[in-house]
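Report on the structure
So the chains spell out like this:
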Amino acid sequence: MHGRSSHRRSLAGLTLLAALVANAHAQTPALPPPDTVRLDQLRLMQGFPPSPDRQITAANWLAPYPNIRWSFHHLRELLPSRNISRGTGAAVPLPRGDDLSERIAALRFAAPDGEMTFAEYLNATYADATLIMKDGKVIYEAYHEGMPEQNPHIMWSMTKSFVGLLTTQLIEEGVLDPDALITEYIPELAESGWAGATLQQVLNMTADVNYSEIYADAESDVVKYALAAGMRPAPADYQGHRDLYSYLPTVGSAEPHGEAFRYRTVHTEVLGWVLRRVTNRHVADLISERIWQKLGAEQDAYLLVDSRGTEWAGAGMNATLRDLARFGEMMRQEGRFNGQQIVSQSVVRSILEGADREAFKASGRDFQPGYSYRNQWWISHNDDGAYEALGVHGQMIHVNPTVGLVVVRLSSHPVASTGQTFPMTRPAMAALADMLR
């Protein structure tokens, strides 16, 4: 078959690429019991060659489930990528504190569907790996169900927080002007929906463009974005754009800029374009030189790229659990780690100020009451000043500066929406903070 029906069939397997707007009236989808999709029992990609029903390819790594339980930490074997070098220096050890694994696993808290333990929470969120630090020391580290600890795991939209941090640092250095129009940096967007938007509005996602992220709809703009990025092969007769730089200028205008927060992954792709344009460097190289090497990372990270070598600035970074813990600890210490100020203290403090909480309500993310979104970070505004980097399918870096707490969770939840897991995550993080306070 040809035309619209075959096009829809070709796109039907795409899962989420950024956080879904919560729908309070949506029914909870039926999920496979976590014990039935254990990575160490699935035997995906086993054998030489693997049997057809166990083989993961560039065409099926996102669906059907549970393919992502393997693919999320093997993506450089499936898709093109650009390395984020750790450099040649020795890795900086993560100090070890008292092992509180048993105590944390047994911690009980009230979740939306009843009381549960922290171990049950990790199981229910299909966690692949979890690390918890208190005052700079590791107190819990686990690789669930056989995930290799040395394998970088896709971070999805946690990538945005790296891009936001770099952009804020360049503002601090005077390289970028937050009040400048985006089109001053990227004239190619002069006829797009970003015309008239400032850099700060794009950073806070209060610039508004005609772009939908309705993931159940094969005609949604997020699918066009995914095919432009190369997240899966486009159908042979696909007439849309097949790279990010040709796709972004086609995104049109919507509501006036600066009035409401609406989450759009394409905003971060524009920020990635700005970073490359003003520095004449790849985003991967900027992360390597300005963050990764200075952290003393154990492993190289990497960014997935489109057909023209443009990194997915909004979703494509892959890194290991411990290296993300180093990054989270640097943020907790206001930019300082490994004996040096990696990013400016004022940069981190600026991000943690947050943004307009009334504007945030326009997003419909009722599972994050009281939050705002500033410079690609989720700011809770709670009494502890907690904040997060978040990615779909359950990726999270949670920082609670008052308690000295950093939590990194990498996951492969069957439902991509952050709204699926965050109602459990909020009380889990609060209970953990109270236990360690």
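Residues numbered from 1 in each chain as written. Predicted model: local features only at pLDDT ≥ 70, side-chain atom pairs only at ≥ 80, totals over all residues. Heavy atoms only, no water.

Turning our eyes to something else, we now look at the side chain of Thr130. Position of Thr130 relative to the elements: it lies in strand S4 (residues 127-134). At 2.9 Å, the side chain of Thr130 forms a polar contact with the side chain of His144. Not counting residues within four places of it along the chain, the set of residues in contact with Thr130 comprises Leu122, Tyr140, Glu141, Ala142, His144, Leu321, Val408 and Arg409. (Helix = DSSP H or I, 4+ residues; strand = E, 2+ residues; numbered from the N terminus. Polar contact = N/O pair within 3.5 Å; in protein donor to acceptor, adjacent residues only side chain to side chain. Contact = heavy atoms within 4.5 Å.)

Okay, empty space enclosed by the protein next. A full pass over the atoms with the stated rule returns one cavity of 30 Å³ or more. Here the largest cavity defines a volume of roughly 30 Å³. Around the largest cavity sit Tyr143, Glu149, Gln150, Glu298, Gln299, Thr320, Leu321 and Arg322, which together line it. Of the residues that constitute the lining of the largest cavity, the class distribution is two nonpolar, three polar and three charged. (1 Å grid on protein atoms, 1.4 Å probe; cavity = no way out; pocket = protein on both sides within 12 Å on 5 of 7 lines; lining within 4 Å. Points joined across faces, edges and corners; volume = space filled by probe spheres on them. Nonpolar A, V, L, I, M, F, W, Y, C, P; charged D, E, K, R; others polar.)

When you tally the buried positions in strand S16 (residues 395-400), you get six out of six residues, the bulk of the element. With burial as the criterion, each face of S16 is covered, one bearing Gln395, Ile397 and Val399 and the other bearing Met396, His398 and Asn400. As paired elements, strand S15 (residues 387-391) and S16 share five bridges and run antiparallel to each other. What sits directly across from Leu390, in S16, is Met396. Joining the antiparallel neighbours S15 and S16 is a turn of three residues, in which His393 adopts a positive phi near 65°. Taken together, the five bridges between S16 and strand S17 (residues 405-411) define a ladder with antiparallel strand orientation. Bridging from a neighbouring strand, Met396 pairs with Arg409 of S17. Connecting S16 to the antiparallel partner S17 that follows it, the hairpin turn spans four residues, and Gly404 within it adopts a positive phi of roughly 75°. (Buried < 20%, exposed > 50% of the residue type's maximum accessible area, 1.4 Å probe, protein only. Pairing = 2+ DSSP bridges.)

Time to look at the packing of aromatic side chains. Considering all chains together, one arrives at 21 aromatic pairs under this definition. Pairing Phe261 with Phe360 gives two aromatic rings, centres 5.0 Å apart and planes at 5°, and the pair type is stacked. Of this pair, Phe261 sits in the loop between strand S8 (252-253) and helix H11 (265-279) while Phe360 sits in helix H15 (residues 357-360); the two residues are 99 residues apart in sequence, bridging distant segments of the chain. Judged by relative accessible area, Phe360 falls into the buried class, the value being 4%. Taken together, the ring pairs in this structure connect Phe261, Tyr263, Phe360, Phe367, Tyr371, Tyr373, Trp378 and Phe422 into an aromatic cluster. Sitting above the plane of the Tyr263 ring, Arg365 keeps its charged end 5.7 Å from the centroid. (Phe/Tyr/Trp six-rings, centres within 6.5 Å; stacked < 30°, edge-to-face > 60°. Lys NZ or Arg CZ within 6 Å of the ring centre and 35° of its normal.)

All right, on to the sheet that holds strand S5 (residues 137-143) then. Taken together, the seven strands give an open sheet; going across it, the order is S5-S4-S17-S16-S15-S14-S13, and neighbouring strands pair in antiparallel fashion. Looking at the sheet topology across the chains shown, the edges are occupied by S5 and strand S13 (372-374). Pairs of neighbouring strands in the sheet enclose a mean axial angle of 15°, with direction left out of account. Relative to the sheet, helix H6 (residues 158-172) contacts S13, strand S14 (377-379), S15, S16 and S17, its axis offset from that of S15 by approximately 125°. The sheet contacts of helix H16 (residues 418-436) involve S4, S5, S15, S16 and S17, and relative to S17 the element is tilted by about 150°. (Axes fitted to C-alpha atoms, helices over the stretch in contact; angles between N-to-C directions.)

What follows covers helix H12 (residues 283-295). The terminal C-alpha atoms of H12 lie 17 Å apart, and with 13 residues this matches the ideal 18 Å at 1.5 Å per residue to within 8%. The sharpest bend along H12 reaches about 40° and sits at Glu289. The complete set of buried residues in H12 reads Val283, Ala284, Leu286, Ile287, Ser288, Ile291, Trp292 and Leu295. The positive-phi residue at the C-terminal boundary of H12 is Gly296, with phi of around 70°. (Expected span 1.5 Å × (residues − 1). Bend = angle between axes of the 7 residues up to and from the residue.)

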